[in-house]
Amino acid sequence: MTIPFFIEKYVKQIKAMNPKYDKPCEVSKLDPITFTDSENIKLSFVALADTHLPDRNTAEKNLENIFTDISGSKEKIDALILAGDIADYGFTKEYRRFFRVFTRHKNELKLLITMGNHDVRLFYKTALYNITNGIEDLLSINLNGKPYYSYNVNGYRFIVLATEKPCLLEAYISPEQIDFLKNELKKASEENEPCFVICHQPLDNTHGLPKVCKNGSIGKQNNQVKAVLEKHKNVFFLNGHLHSGICDYVESIINKENNVISINLPSYRKENNFGSIPSGAGYICEVYEDKVIFKARSLLTGGYIKGHNTYFEYPLIF
Ligand SMILES: [Fe+2]
């Protein structure tokens, strides 16, 4: 038995085990996206993670629901971020489905995505090729073969980090990538605007780590990344990876003095491990001159999620 055949067989077995994730869902129009202050909003974006797209029609349809929900609102959403684990196994046919959906909407809003461990753990080079090509097409930028980049939306800086080696769980952030982060955060500080850093893996000792997941953080370069982030004001670090629902582990204050905050994004496709279990959740982020607001929402079925840990508001420090 060749290795690819063995893997294919393994994947088919796993697929057969989890069809429950891909029951087709409809998007309700009863509770559309609305902003707290539409007149004064400066930037809005949807924050999601862990789409884990398999090669399955119903999963592709459910991915499209994100855009159905966004288009059902009268408000203008400027961007969408997806914090990794784009595909479930990292196969080219999964990325073909993913980018078929995302490419259809690339002229409606800016789509910023990064790789997760599920993308790269089996076929790093395949994932890197598919994802970097996809990002270059979505944003009309040149990544020069690197998986990390920055992008400005409405004058606000998004810094997107990614592992540069295959990884089972943790990431590898090279010294060059750390320098890139330093330089980009320095520019954001000079611009005196809040900045959004996106990485699949969370920082250590945040969001219930290491209790909720052994080796669930960035890994060896964790302290270097954290030290760079902490030096700057109004930095929002957005991660996925833990598949935590809406729960006490959503928010972590990294540095209160500088307003460095981490938001742990729920899993879009798979059920969450704790907190509110249902898949499809994410956050709508509203950025104003003096504050940033995150509101939990189901982009899979439409509607804001009510209850504890579904609303966060951070005053900006100047
Ligand atoms: Fe994941």
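In the block above lies the structure referred to throughout.
Anyway, here's the lowdown on the structure attached to this text. Here the structure is a predicted model, which means the values were calculated and not measured. (Residues numbered from 1 in each chain as written. Predicted model: local features only at pLDDT ≥ 70, side-chain atom pairs only at ≥ 80, totals over all residues.)

### Overview of the overall build of the protein chain
Argument step 1. Across its full length, the protein chain carries seven helices and 12 strands.
Argument step 2. Expected size for 318 residues packed as a compact globule is a radius of gyration near 20 Å; at 18 Å, the protein chain falls within 12% of this value.
Argument step 3. Burial analysis of the protein chain (318 residues in total) assigns 46% to the buried set.
Argument step 4. Within the protein chain, contacts between residues separated by at least 24 positions form 74% of all contacts whose residues are at least 6 apart in sequence. (Helix = DSSP H or I, 4+ residues; strand = E, 2+ residues; numbered from the N terminus. Rg over C-alpha atoms; globule rule 2.2 N^0.38 Å. Buried ≥ 20, exposed ≤ 12 C-beta atoms within 10 Å, placed from the backbone. Contact = placed C-beta atoms within 7 Å.)

### Some thoughts on helix 5 (residues 124–139)
Argument step 1. The first and last C-alpha atoms of helix 5 sit 22 Å apart over 16 residues, in line with the 22 Å expected at 1.5 Å per residue.
Argument step 2. Among the structural elements, helix 3 (92–104), strand 3 (110–113), helix 4 (117–120) and strand 4 (149–153) are those in contact with the buried residues of helix 5.
Argument step 3. Phi turns positive, to about 55 degrees, at S140, one or two residues after helix 5. (Expected span 1.5 Å × (residues − 1).)

### Remarks on the packing of helix 6 (residues 175–191) against helix 7 (residues 222–230)
Argument step 1. At a minimum axis distance of 10 Å, the contact between helix 6 and helix 7 shows a crossing angle of 10 degrees. When the axes of helix 6 and helix 7 are compared, the pair comes out roughly parallel. From helix 6, I178, L181, K182 and L185 reach across to helix 7, where they touch Q224, V225 and V228.
Argument step 2. By residue class, the composition of the contact of helix 6 with helix 7 is five nonpolar, one polar and one charged. (Axes fitted to C-alpha atoms, helices over the stretch in contact; angles between N-to-C directions. Parallel < 35°, antiparallel > 145°, perpendicular 65-115°, else oblique. Nonpolar A, V, L, I, M, F, W, Y, C, P; charged D, E, K, R; others polar.)

### Observations regarding the sheet that holds strand 1 (residues 43–48)
Argument step 1. One open sheet holds the six strands; their spatial order is 3-2-1-10-11-12, and the pairing between them is mixed. Both outer strands of the open sheet, strand 3 and strand 12 (311–315), are each paired with one neighbouring strand and no more. Here the strands of the sheet are splayed against their neighbours by 20 degrees on average, with no regard to which way each runs.
Argument step 2. Pairing of strand 11 (residues 291–298) with strand 12, which is carried by five bridges, proceeds in the antiparallel orientation. Note that in strand 12 the partner of V292 across the bridge is Y314. (Pairing = 2+ DSSP bridges.)

### Regarding the sheet that holds strand 4
Argument step 1. Pairing is mixed across the open sheet formed by six strands, whose spatial order is 4-5-6-7-9-8. Sheet topology places strand 4 and strand 8 (251–255) at the edges, where each strand pairs with a single neighbour. Across this sheet, the average inter-strand angle for adjacent strands is 20 degrees, counted without regard to direction.
Argument step 2. As defined by bridge partners, strand 6 (residues 195–198) adjoins strand 7 (residues 235–239) across four bridges and the pair is classed as parallel. In the sheet register, F196 faces strand 7, and the bridge partner there is F236.
Argument step 3. Contacts from helix 7 reach strand 6, strand 7, strand 8 and strand 9 (260–264) within the one sheet, and its direction differs from that of strand 8 by about 75 degrees.

### Let's talk about the environment of T36
Argument step 1. Mapping T36 onto the fold places it in the loop between helix 1 (3–17) and strand 1.
Argument step 2. Put simply, T36 and R96 are 60 residues apart on the chain and 37 Å apart in space, counted from C-alpha to C-alpha.
Argument step 3. Residue contacts for T36: discarding those within four places in its chain leaves E286 and I293.

### Quick notes on the nonpolar core
Argument step 1. By size, the foremost hydrophobic cluster in this structure holds 84 residues, and its most contacted members are L48, I81, L161, V197, I198 and L238.
Argument step 2. Excluding residues within four positions of it along the chain, L238 makes contact with A47, I81, A83, F196, I198, I263 and L265. (Core = buried A, V, L, I, M, F, W, Y, C linked by C-beta atoms within 7 Å.)

### Brief notes about the pairing of strand 8
Argument step 1. In terms of strand pairing, strand 8 meets strand 9 through four bridges, oriented antiparallel. Of the residues in strand 9, the one forming a bridge with I253 is I261.
Argument step 2. Counting the residues between successive antiparallel strands, the hairpin from strand 8 to strand 9 contains four residues, one of them, N259, with a positive phi of roughly 60 degrees.

### Concerning unusual backbone geometry
The general pattern is negative phi for most residues beyond glycine and trans for most peptide bonds.
Argument step 1. Backbone torsion omega between L209 and P210 reads 0 degrees, so that peptide bond is classified as cis.
Argument step 2. Within the element layout of this structure, P210 appears in the loop between strand 6 and helix 7.
Argument step 3. Despite not being glycine, D50 shows a phi value in the positive range, around 60 degrees.
Argument step 4. Mapped onto the elements of the fold, D50 is located in the loop between strand 1 and helix 2 (57–71).

### Examining the pairing of strand 2 (residues 79–82)
For a regular strand, the rule is simple: side chains alternate between the two faces of the sheet.
Argument step 1. Burial along strand 2 is two-sided: A79 and I81 and L80 and L82, pointing in opposite directions, are all buried.
Argument step 2. Pairing analysis gives four bridges linking strand 1 to strand 2, with the strands arranged parallel. When the sheet's bridge partners are listed, A47 is paired in strand 2 with I81.
Argument step 3. Regarding the hand of the β-α-β motif, the stretch spanning strand 2, helix 3 and strand 3 is right-handed. (Right-handed = clockwise from strand over helix to strand, strands pointing away.)

### Digging into helix 2
Argument step 1. The terminal C-alpha atoms of helix 2, which comprises 15 residues, lie 21 Å apart, in line with the 21 Å expected from a rise of 1.5 Å per residue.
Argument step 2. Where helix 2 is buried, its residues meet strand 1 and helix 3.

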